[in-house]
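# Descriptive analysis of the structure
So the chains spell out like this:
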Amino acid sequence: MAPSRLRAAGMSAPRYLDAGEAALSVEFGDSVDPQINARVLALDAALREAKLAGIEELVPTYRALMIHYEPLTILRDELVKALESLVLQGASAFAPKARWHVPCCYDPALAEDIVEAARVLGLTPERLAALHASGSYRAYMYGFAPGWCYLGGLPPSLASPRRASPRGPTPPGAVLIGGGLSLIAANPMPTGWYVIGRTPERLFALEREPALLIEPGDAVRFEPIDAATFFALEARGGIIAKREVLAKREVLA
Amino acid sequence: MSATLRILKAGPGASVQDIGRHGFLHFGVTPAGPMDAGAFLAATLAAGDAKGAGVEASLGGLELAAEGGEIGLAIAGGGFDVRLDARALPPACVMKLVPGGRLSVRAAAAGAWVYLAPFGRFDLPLILGSYATHARSGLGGLEGRMLRAGDALEIVDPRPAPVEPMEILAPWLGAHRAKLRVMLGPQQDYFSPETIATLLSARWRLSERSDRMAYRLEGPNLQHLSGHDIVSDGAAFGAIQIPGDGAPLVLMADRQPTGGYPKIATVIGADLGALAQARPGDFVEFEAVSWEQAVTARRARALSIEAGVTLEPVLRTEFSAEFLLGRNLVGGVVDGRET
């Protein structure tokens, strides 16, 4: 049986939770944790590869994979059976396909909340920026709004409480921190997180193919740029060549 | 010259929709799409393109005119009051709007959403493969926003519509249920058996603070066993989410793809349309069913939709005796609704 083989491999069996008759949440844990998320992303990749008839959308989140499916095409039991063999490969099967090098400006003129966030964390803005830029991140999931990419891998010293009250809409390309996570926010929305940087890259740009850049599971690093470079790149990416991708995509074996 | 559908008046809540923007949920892109997918399909099937787009309107209603040519429209939804100039038409019908004419669609005794599908295609850009409007993220439809008076929707690739108005018969339309069926979960273990029993026994009043994103329910307070914050996970259409204040929110077409509150139960697919058509002030009740029961209901509905819609001539008082006689001779059953 699959559960005993999972135990033998030192892994807990996921929970298969119905979200109505046409969605199944495969829950690997209840916390934000790189190992749990790696199992989510490994299953996401395996299921995309398997191309099972009746699977409509896959939504990886921190700790669960939501599978939207058509139960008139694939029965729940058939789906769970397929999943039970796919989850055996575990977190070790997860490997990012690409690493993105995302330009990020930490200048307080653009990073609207970096001074406030540094004060909350007991750091200087420069130290906060250096720590953030030193992090090696993974795109855990998208959520909240199109192109809002949540990143794990924030240095622990930058874990911050949420703001007491939400700030106004984020500027385009805002790079934020909140809780133990970082976030690149494509579209302006109010948030309880801190804007500690800005990227001239657009994670979501309809006129560009592909419209969305970073896949869940991709590795992400930030490359500090000064304000002058930010504006120069923003002009290139935003006005002169709308289709240009500014971030560098490094293919990982 | 192609014809243009002109919005003369639009209440809040009118937008262009199609079956939704699918395939980008893992990038945070909400599918949007119709609130009542069954009613929407009745309109698009009658207009000859099940994958096509249409206008969704809500309680605020809609008034339309055709400019530059006639436009065939198929209308279906909750029991709205449909008038072509002074003439009352059935709430689900196909008709032809000619320049100089005026179509009004207004909320009547029941129902919250109505759909108007053109015999043709809106000349709008496909955004990530879809015409569906998601106003919160500014995507789709007309300029990514809700429709308002003065807007013009050009119709291209027109298809012929019946000369005389016809009633749409779609067996799945307006299927009313005393209780909406739910499946418990995915997070029912965040609640005590008593709280789940309360969810299933209470009469829930639909709040005025309901929209395309979520329907808020007023009734007993549903308490979590411990804490209301969960680590965000995927959220389905129909998920009943219980935030910190204990007042249930049912996630609807414009929901975020993920949510950070426990979801005690999920309304089954076959009953989402009935829920969507509830109005602020209406009461809804829930009953729990199994996955098998939910799929049986889903299959029955799919088979019904597969059989398609039929069109029946609209009986009206000004019909000639010859017409009525001819209609009886061909064996139709006279529908007395419009007399």
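Keep in mind that this is a model prediction, so the values were computed, not measured.

## Description of the overall build of chain A
Each helix and strand in chain A was counted, giving six helices and twelve strands. Against the globule reference of 18 Å for 253 residues, chain A gives a C-alpha radius of gyration of 19 Å, in line with a compact fold. In terms of its C-alpha atoms, chain A occupies a principal-axis envelope of roughly 60 × 40 × 35 Å. Within chain A, contacts between residues separated by at least 24 positions form 65% of all contacts whose residues are at least 6 apart in sequence.

## Some words on the sheet that holds strand β5 (residues 71-77) of chain B
Residue and element names in this part refer to chain B. Pairing within the open sheet is antiparallel, and its seven strands lie in the order β2-β3-β10-β5-β8-β13-β24. The strands lining the two open edges of the sheet, one partner per strand, are β2 (15-17) and β24 (310-313). Put simply, the sheet's adjacent strands are angled 30 degrees from each other on average, direction ignored. Note: strand β3 (residues 54-57) against strand β10 (residues 114-118), three bridges, orientation antiparallel.

## Some points on the environment of Pro 31 of chain B
All names here are of chain B. Here Pro 31 shows up in the loop between β2 and α1 (37-46). Pro 31 gets classed as buried once you count the C-beta atoms within 10 Å, which come to 22. Among residues more than four places away in sequence, those in contact with Pro 31 are Gly 20, Arg 21, His 22, Leu 25 and Ala 132.

## Observations concerning the interface of chain B and chain A
With 33 residues of chain B in contact, the opposing surface of chain A contributes 36 residues. Taken together, the elements giving at least two residues each to the side of chain B that touches chain A come down to β17 (233-234), β21 (263-267) and α4 (291-306) of chain B. Among the elements that make up the side of chain B that touches chain A, the one with the highest residue count is α4 of chain B (six residues). A breakdown of the residues in the side of chain B that touches chain A according to their chemical character gives 16 nonpolar, 13 polar and four charged.

## Comments concerning the domain arrangement of chain B
Residues and elements named next belong to chain B. By the assigned domains, chain B splits into domain 1 (3-173 + 309-329) and domain 2 (180-302). The C-alpha-based centres of domain 1 and domain 2 are spaced at 29 Å. Domain 1 puts 19 residues into the contact, and the matching count from domain 2 is 13 residues. Along the lines of polarity and charge, the residues of the side of domain 1 that touches domain 2 split into ten nonpolar, seven polar and two charged.

## Considering helix α3 (residues 76-86) of chain A
In an α-helix, one turn spans 3.6 residues, which is why side chains three or four residues apart end up on the same side. Residue and element names in this part refer to chain A. Among the residues of α3, Leu 79, Leu 83 and Leu 86 are the ones counted as buried. The buried residues of α3 occupy an angular sector of 55 degrees when projected down its axis, which confines them to one face. Facing away from the buried surface of α3 by more than 90 degrees, the exposed residues are Asp 77, Lys 81 and Ser 85. Close packing links the buried residues of α3 with β2 (23-27), α2 (34-50) and β4 (64-69).

## Considerations on the pairing of β10 of chain B
Residues and elements named next belong to chain B. Counting buried positions over the five residues of β10 gives five, a clear majority of the element. Neither face of β10 is exposed, since Val 114, Leu 116 and Pro 118 on one face and Tyr 115 and Ala 117 on the opposite face are all buried. The sheet contact formed by β5 and β10 spans five bridges and is antiparallel. Residue pairing for β10: Leu 73 is matched across the bridge by Pro 118.

## What about the domain arrangement of chain A?
Residues and elements named next belong to chain A. Domain annotation of chain A identifies domain 1 (2-92) and domain 2 (98-251). Here the C-alpha centroids of domain 1 and domain 2 sit 29 Å apart. Opposite the nine residues of domain 1 that make contact, domain 2 presents eight residues. The element contributing the most residues to the side of domain 1 that touches domain 2 is α2, with five residues. Partitioning the side of domain 1 that touches domain 2 into residue classes produces six nonpolar, two polar and one charged.

The rules behind the values
For every chain, the first residue of the written sequence is number 1, and numbering continues from 1 along that sequence. As they are written, the chains are lettered A onward and the ligands numbered 1 onward, keeping that order. For this predicted model, a pLDDT threshold of at least 70 governs which residues receive local features, and a threshold of 80 or more governs which side-chain atom pairs are given and counted, while totals over whole chains, interfaces and linings are taken from all residues. Secondary structure is summarised from DSSP: a helix means a run of H or I of at least four residues, a strand means a run of E of at least two, and numbering begins at the N terminus for each. To get the radius of gyration, use the C-alpha atoms; to get the globule rule, take the number of residues to the power 0.38 and multiply by 2.2 Å. Here, residues touch in the contact sense if the C-beta positions derived from the backbone fall within 7 Å of one another. Pairing between strands requires that DSSP locate at least two bridges from one strand to the other. Under this scheme, a helix contributes an axis fitted over its contacting stretch, all axes are lines through C-alpha atoms, and angles between N-to-C directions fall in the 0 to 180 degree range. The exposure scheme places C-beta atoms from the backbone and then counts, for each residue, the other C-beta atoms within 10 Å of its own, assigning buried at 20 or more, exposed at 12 or fewer, and partly exposed in between. Each residue receives one of three labels: charged for Asp, Glu, Lys and Arg, nonpolar for Ala, Val, Leu, Ile, Met, Phe, Trp, Tyr, Cys and Pro, and polar for the others, Gly being one of them. Bear in mind that the domain bounds are from an automatic or database domain assignment. Relevant arc is that of directions from the helix axis to the C-beta atoms, nothing else.

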